[in-house]
Amino acid sequence: MRRLPWRHSRHLDSDDAPSAQCLANVAGGRSFIRRFEADYAAKPVWLTENYRSTAHIITAANAVIAPAAQRMKAGYDISVNRARTKAAPGGDWAALDPVAQGRVTSPKEFFGFNIGDDYKLATYTQFIDYWKKIDAESDRMVVQEIGKSAEGRPQLMAIITSPENFKLLDRYKEIARKLAMAEGLTDAEARALAKEGKAVVWFDGGLHATEVLGAHQLIETSYQLVSRNDEETQRILRDCIILAVHANPDGMELVSSWYMQEPDDKKKTFGTIPRLYQKYVGHDNNRDFFILNQNESINIARIQYSEWFPQIVYNHHQTGPAGTVMFAPPFRDPFNYNFDPLIPLGIDMVGSAMHTRFAVEGKPGVTMRSGSSYSTWWNGGLRTLAYFHNMIGLLTETIGSPTPMEIPLVVNNQLPRADLPYPIAPQEWHFRQSIDYSVTANYAVFDLASKRKEDFLFNIYRMGKNMIDRGNRDSWTVTPTERHKCGRCWRHLPEVEPASKATLRANIANNKAVAAGAPGLLLGYTPS
């Protein structure tokens, strides 16, 4: 066995007990070498190559000795010898260690606390660093910047799926686009693409920054997806491409920093934050998605409607109705009848999967429909605009704060009913419990998307096809070209005057030009 250069002379071994004499000897030796170097103008040669330890061990050793600024080799870190520079960082035995495979840094190891611990929040700066770290450690996750926030921070999205799916990511992205656009496809072709493709599921957090659960469940869920090796997680990663998106970077940095700056846990609060948690619109950032005035909204809309076309969009919010833990779909009636019927049916199907999983896992207190006022009618929000693109938009509103709270007694919520099948008793409530509920909700969505991925992919095509057909029918204007279809109604209309016919012809020509891209407005006639 080749002897290591630094073993030619006696050094402290790991099992040597440090003593004052040992430390004095080391200090004396260092002083003698420095004096010899000065007296004889000697040029030092640094022995920095290690011939035995793995790269991981050497990296850890360098980190341990780095604070010793007076050491002889300051600035000359140890490295593996040149012949081993391309070897696995964990050495030849790493591949034989099942415990180390897929090992990623836990939130507790990185932040110093578990996500959901009382009185603890992470800032967005820490969030960025953590996602970058587990991205480097896992082959299931790729972190991308989707644009800048209003204050110039990078807005991040993590793509989470199996390593095999990453190899064909562009193909799956193209399949999602083709099915969502629903143009130039037959039903048979659409079914073949649905069979080949992967379900694309969006979930986000942090849009309303004082609703701190959203951003923190994003951290915990992404960690679980890249670290768990159970059969369900493996199936989800195989069948789905999950887009995890932070919706408001600036807000998380402001709110978490403000809360954590107070040293007295009992005085920590969000109530005294002195400015908006989104630079220009604050809470109304969830009113911007129909007009796209804000950087973050533009970034999100580009991913949703121009690049990835997810079949499911899950938007996390707070807080839940009094006497419950969470509101989850289905939404109250009446639903927005402008949407394809597959939208409310899809929402109900996913919502049922969520409520069922809560009951199976023994998590009571989740209400629906009449349990709150949420509906499908508000058109300016992140999840509601998705309906107009034939995506299943989900909203949950969940209680929880890093400052422990109480679930109050609401008498009407103590007996089960159709919209609250599993009530919860009044009790003290901790932030970690809300994190766990959020992970359950996420996994319910991922699980259903995995099991029925072909249905979700084909249904977005079917809805798109229905909308194209509907848009190609003039259902609101009676025109001469419709006369043969109208039957008796035309008996009650006067003959169209020549001038009116000319106007109609001009409007038809104008509308065709506008449809082809020319500037202008659509005028009072839409061709069938």
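Quick caveat: nothing in here was measured; it's all calculated off a predicted structure.

### Focus: the sheet that holds strand β5 (residues 199-205)
Alright, step 1. Taken in spatial order, the 8 strands make up an open sheet running β3-β4-β6-β5-β7-β10-β8-β9, and their pairing is mixed. Each edge of the sheet is formed by a strand with only one pairing partner; in this case those strands are β3 (141-148) and β9 (366-367).
Alright, step 2. By the bridge criterion, 7 bridges tie β3 to strand β4 (residues 154-160) in an arrangement that is antiparallel. Counted as the bridge partner of Met 141 is Ile 160 from β4.
Alright, step 3. Sheet contacts for helix α12 (residues 342-360): β7 (312-317), β8 (326-327), β9 and β10 (392-398); angle to β10, the most-contacted strand, approximately 40°.

### Things to note about the packing of aromatic side chains
Alright, step 1. Considering all chains together, one arrives at 18 aromatic pairs under this definition.
Alright, step 2. Aromatic side chains Phe 203 and Phe 446 sit 5.4 Å apart centroid to centroid with 70° between the ring planes, which places their arrangement in the edge-to-face category. Of the two residues, Phe 203 is situated in strand β5 and Phe 446 in helix α13 (residues 431-451); the sequence distance between them amounts to 243 residues. Across the pair, Phe 446 and Phe 203 agree in class, each one buried.

### Details of the pattern of salt bridges
Alright, step 1. Counted according to the given criterion, the structure contains 25 salt bridges.
Alright, step 2. In this structure, Asp 239 engages Arg 238 in a salt bridge whose closest nitrogen and oxygen atoms are separated by 4.0 Å.
Alright, step 3. Taking the relative accessible area as the measure of exposure, Arg 238 reaches 43% and is therefore partly exposed.
Alright, step 4. Here Glu 307 ties to Arg 302 by a salt bridge, and the two come within 3.1 Å at their closest N and O atoms.
Alright, step 5. Using a relative accessible area of 26% as the deciding quantity, one classes Glu 307 as partly exposed.
Alright, step 6. A relative accessible area of 30% means that Arg 302 is categorised as partly exposed.
Alright, step 7. Residues participating in the shared-partner salt-bridge network are Glu 151, Arg 153, Asp 250 and Arg 275.

### What to know about the side chain of Thr 161
Alright, step 1. Tracing the sequence through the fold places Thr 161 in the loop between β4 and α5 (163-166).
Alright, step 2. On the basis of relative accessible area, Thr 161 is assigned to the buried category, the value being 0%.
Alright, step 3. A polar contact is formed between the side chain of Thr 161 and the side chain of Asn 165, at a distance of 2.8 Å.
Alright, step 4. Apart from the residues lying within four places of it in its own chain, the contact partners of Thr 161 are Arg 140, Phe 166, Leu 237, Cys 240 and Ile 241.

### Re the nonpolar core
Alright, step 1. By size, the foremost hydrophobic cluster in this structure holds 78 residues, and its most contacted members are Trp 131, Ile 160 and Met 354.
Alright, step 2. The contact partners of Met 354, leaving out residues within four places of it in the chain, are Tyr 314, Ala 328, Pro 329, Thr 396, Ala 441, Ala 444 and Val 445.

### Notes on unusual backbone geometry
Peptide bonds are mostly trans, and most non-glycine residues show a negative phi.
Alright, step 1. For the bond running from Gln 318 to Thr 319, omega is 5°, close enough to zero to count as cis.
Alright, step 2. Here Thr 319 lies in the loop between β7 and β8.
Alright, step 3. Cis geometry is found at the peptide bond from Asp 333 to Pro 334, where omega equals -5°.
Alright, step 4. Within the secondary structure, Pro 334 sits in the loop between β8 and α12.
Alright, step 5. One non-glycine residue, Phe 309, adopts positive backbone phi at about 50°.

Analysis parameters
Residues numbered from 1 in each chain as written. Predicted model: local features only at pLDDT ≥ 70, side-chain atom pairs only at ≥ 80, totals over all residues. Heavy atoms only, no water. Pairing = 2+ DSSP bridges. Helix = DSSP H or I, 4+ residues; strand = E, 2+ residues; numbered from the N terminus. Contact = heavy atoms within 4.5 Å. Axes fitted to C-alpha atoms, helices over the stretch in contact; angles between N-to-C directions. Phe/Tyr/Trp six-rings, centres within 6.5 Å; stacked < 30°, edge-to-face > 60°. Buried < 20%, exposed > 50% of the residue type's maximum accessible area, 1.4 Å probe, protein only. Salt bridge = Lys/Arg side-chain N within 4 Å of Asp/Glu carboxyl O. Polar contact = N/O pair within 3.5 Å; in protein donor to acceptor, adjacent residues only side chain to side chain. Core = buried A, V, L, I, M, F, W, Y, C linked by side-chain atoms within 4.5 Å.

All quantities given are derived from atomic positions and should not be read as evidence of function.
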